Amino acid sequence: MQEISSNLSRNLVGYGKDVPVVRWPNGANVAVNLVVNYEEGSEYSHEMGDGENDSLAEVEYAFPAHLRDLAKESMYEYGSRVGVWRLLRLFDEYDVKATFFGCAVAFERNPEVASAAREAGHDLLGHGWRWEEQWRLSREEEANRIKKAVASFKETWGEAPSGWYCRYGPSINTRELVVEHGGFLYDSDAYNDDLPYYVDVRGVRHLVVPYSLTYNDIQGTRSPSLFLDYLKRGFDELWLEGSRGRPKMMSIGLHPRLVGQAARTGALREFIEYAQAKGDVWFARRADIARWWNEHSAEFVTGQA
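Let's shift gears to the overall build of the protein. What the protein contains, in helices and strands, is 8 helices and 9 strands. Here the C-alpha coordinates of the protein stretch approximately 60 × 45 × 35 Å along the principal axes. When burial is assessed residue by residue, the protein has 51% of its 305 residues classed as buried. If you take every contact in the protein between residues at least 6 apart in sequence, the share linking residues at least 24 apart comes to 72%. Accessible surface computed for the protein: about 13800 Å², of which carbon and sulfur atoms make up 49%. Side-chain charges of the protein comprise 35 positive and 46 negative groups, with the mean position of each set lying 2 Å from the other.

What follows is the structure in structure tokens.
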């Protein structure tokens with residue numbers, strides 16, 4: 001299996017024409033990972049002393065940046081007060097397990113969410129100390145944030161996260177810092193493949209489980225019907241590839257303040273029903289995919305799956 005070095009040079013080849021012949025559990029054609037980005041309360045805000053208001057809320061309004069935007073803050077609050085609970089009920093109804101991309105401060109401000117999600121059987125990926133951009137931090141600051149976040153998760157979630165993912169993108173130091181910290185199965189700070197792969201990080205073989213912003217509730221107008229159509233089309237094509245012997249994974253990004261609104265939750269409900277009815281799908285937690293890859297990837301590469 002091709003590996004890339006830790007020197008930040010780009011790999012534009014990947015698996016190329018020799019895509020691994022993957023076999024997911026029970027012969028599934030697609031591994032679907034539902035990702036709940038739980039960021040509410042940890043975003044940039046005047047309340048947190050940042051001197052700015054964050055974006056990615058229900059609407060974008062030209063509010064003065066130097067003033068506290070109470071309206072936008074309340075849109076974030078909807079995600080933690082209402083949206084996340086609607087999603088948890090939905091997952092429980094259809095017996096699907098998700099991965100929480102959790103920010104440590106968000107769980108500290110609403111620890112009941114962390115305990116409820118873990119009790120329901122979902123898994124945790126570290127999404128930062130706060131929902132902040134790593135490029136703003138020095139290497140030392142970023143390393144300290146990772147350490148603080150993991151300690152915080154052990155208190156709120158009850159254990160350390162299995163993986164790591166930054167807001168939008170990593171810094172040039174992130175992957176090395178994740179490996180140096182230790183204890184992570186993988187990171188998801190890449191958007192460059194439909195399958196996991198390994199990289200070399202200063203002599204350490206490290207697993208990357210790529211994420212995607214494509215099948216994400218932030219896309220376009222966030223219209224429920226358009227979101228549903230987008231998910232179905234992506235799922236169908238990946239399912240078809242899997243039925244022809246090339247199974248893939250599909251990451252679906254969700255934000256409680258957005259898809260947690262009733263109309264959009266309805267679209268997500270339709271998708272889950274659609275995928276389950278079609279069959280040959282594995283709704284998997286991200287850690288499950290990482291462990292499966294670690295245990296079976298040698299078989300995939302040699303064509304023994």
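Still more to cover.
Glancing now at the pattern of salt bridges. Using the criterion set out here, one finds 22 salt bridges in the structure. Where Arg257 meets Glu39, a salt bridge forms, and the shortest distance between an N and an O atom there is 2.9 Å. Taken as a pair, Arg257 in the loop between strand S8 (248-254) and helix H7 (262-278) and Glu39 in the loop between strand S1 (30-38) and helix H1 (70-94) lie far apart in primary sequence, 218 residues in all. Here Arg257 falls in the buried class, since its relative accessible area comes to 2%. Look at Glu39 and you get buried, because its relative accessible area is 1%. The residue Arg118 makes a salt bridge to Glu159 at a minimum N-O spacing of 3.5 Å. Of this pair, Arg118 sits in helix H3 (residues 111-119) while Glu159 sits in the loop between helix H4 (139-156) and strand S4 (163-164), placing them 41 residues apart in sequence. Residue Arg118 is classed as partly exposed on the basis of its relative accessible area of 36%.

Turning next to H1. With 25 residues, H1 extends 35 Å from end C-alpha to end C-alpha; this agrees with the ideal 36 Å at 1.5 Å per step. Every buried residue belonging to H1 is among Lys72, Glu73, Tyr76, Gly79, Ser80, Gly83, Val84, Leu87, Leu88, Leu90, Phe91 and Tyr94, and all of these are buried. Each element contacted by the buried residues of H1 is listed here: S1, strand S2 (99-102), H3, S8 and H7. For H1, the side-chain oxygen to backbone nitrogen distance between the N-cap and Ala71 is 3.2 Å, and the N-cap itself is Asp69.

What follows covers the side chain of Asp189. Secondary-structure assignment places Asp189 in the loop between strand S5 (186-187) and strand S6 (197-201). With no salt bridge to any partner, buried Asp189 finds its closest opposite charge in Arg175, at an N-O distance of 6.0 Å.

Right, let's talk about empty space enclosed by the protein for a bit. If you walk through the whole model with that rule in mind, you get 1 cavity of 30 Å³ or more. Taken as a whole, the largest cavity encloses approximately 40 Å³ of empty space. What lines the largest cavity is simply Glu43, Tyr44, Ser45, Asn53, Asp54, Asp69, Lys72, Glu73 and Tyr76. Looking at the lining of the largest cavity residue by residue, the class counts come to 2 nonpolar, 2 polar and 5 charged.

Turning to the packing of aromatic side chains, a few remarks are in order. For the structure shown, the criterion picks out 17 aromatic pairs. Ring geometry for Trp24 against Trp282: centres 5.7 Å apart, planes inclined by 45 degrees, an arrangement best described as tilted. With Trp24 in the segment before S1 and Trp282 in strand S9 (residues 281-283), this residue pair connects regions lying 258 residues apart in the sequence. One exposure class covers both Trp24 and Trp282, and it is buried.

Here the focus is the pairing of S1. Across the 9 residues of S1, 9 count as buried, placing the element largely inside the fold. Alternating positions in S1 separate into two faces, Val30, Val32, Leu34, Val36 and Tyr38 on one and Ala31, Asn33, Val35 and Asn37 on the other, with burial throughout. Of the strand pairs in this sheet, S1 and S8 are connected by 7 bridges, and their pairing is parallel. Each bridged residue has a counterpart across the sheet, and for Leu34 the counterpart in S8 is Ile252. In terms of strand pairing, S1 meets S2 through 4 bridges, oriented parallel. Across the sheet, Asn37 pairs through a bridge with Phe101, a residue of S2. Between the parallel pair S1 and S2, the chain is carried across by H1, and the sense of this crossover is right-handed.

Parameters at a glance
- Numbering of residues begins from 1 in every chain and follows the order in which that chain's sequence is written.
- Local features in this predicted model are restricted to residues whose pLDDT is 70 or higher, and side-chain atom pairs enter the listing and the counts only when it is 80 or higher, whereas totals over whole chains, interfaces and linings include all residues.
- As a convention, hydrogens and water are excluded, and side-chain values are obtained from all of the structure's heavy atoms.
- Helix numbering and strand numbering both begin at the N terminus, where a helix is a DSSP run of H or I of at least 4 residues and a strand a DSSP run of E of at least 2.
- Note on exposure labels: buried denotes an accessible area under 20% of the residue type's maximum, exposed denotes more than 50%, and partly exposed covers the range between, all computed with a 1.4 Å probe on protein chains only.
- Should any heavy atoms of two residues lie within 4.5 Å, those residues are considered in contact.
- For the area figures, the Shrake-Rupley method with a 1.4 Å probe applies, and any residue is considered shielded solely by the protein chains shown.
- We count Lys and Arg on the positive side and Asp and Glu on the negative side, and we leave His and both chain ends out.
- Charged groups are reduced to one reference atom each: NZ for lysine, CZ for arginine, CG for aspartic acid, CD for glutamic acid.
- Throughout this description, the term salt bridge denotes a Lys or Arg side-chain nitrogen within 4 Å of a carboxyl oxygen of Asp or Glu.
- Expected helix span is computed as 1.5 Å times (number of residues minus one).
- Here a polar contact is taken to be a pair of N or O atoms separated by no more than 3.5 Å, where protein atoms must pair a possible hydrogen donor with a possible acceptor and residues adjacent in sequence count only if both atoms sit in side chains.
- A 1.4 Å probe that fits into a set of points on a 1 Å grid over the protein atoms alone but cannot get out defines a cavity; an open set with protein on both sides within 12 Å along at least five of seven lines defines a pocket, and lining residues are those with an atom within 4 Å of a point.
- Grid points are joined across faces, edges and corners, and a volume is the space filled by probe spheres set on the points.
- For this classification, the nonpolar set comprises Ala, Val, Leu, Ile, Met, Phe, Trp, Tyr, Cys and Pro, the charged set comprises Asp, Glu, Lys and Arg, and every other residue, Gly included, is treated as polar.
- Pairing of aromatic side chains requires ring centres within 6.5 Å, counting the rings of Phe and Tyr and the six-membered ring of Trp. Pairs whose planes differ by under 30 degrees are stacked, by over 60 edge-to-face, and all others tilted.
- Whether two strands pair depends on DSSP finding at least two bridges between them.
- We call a crossover right-handed when, viewed with both strands directed away from the observer, the connection leading from the first strand over the helix to the second proceeds clockwise.

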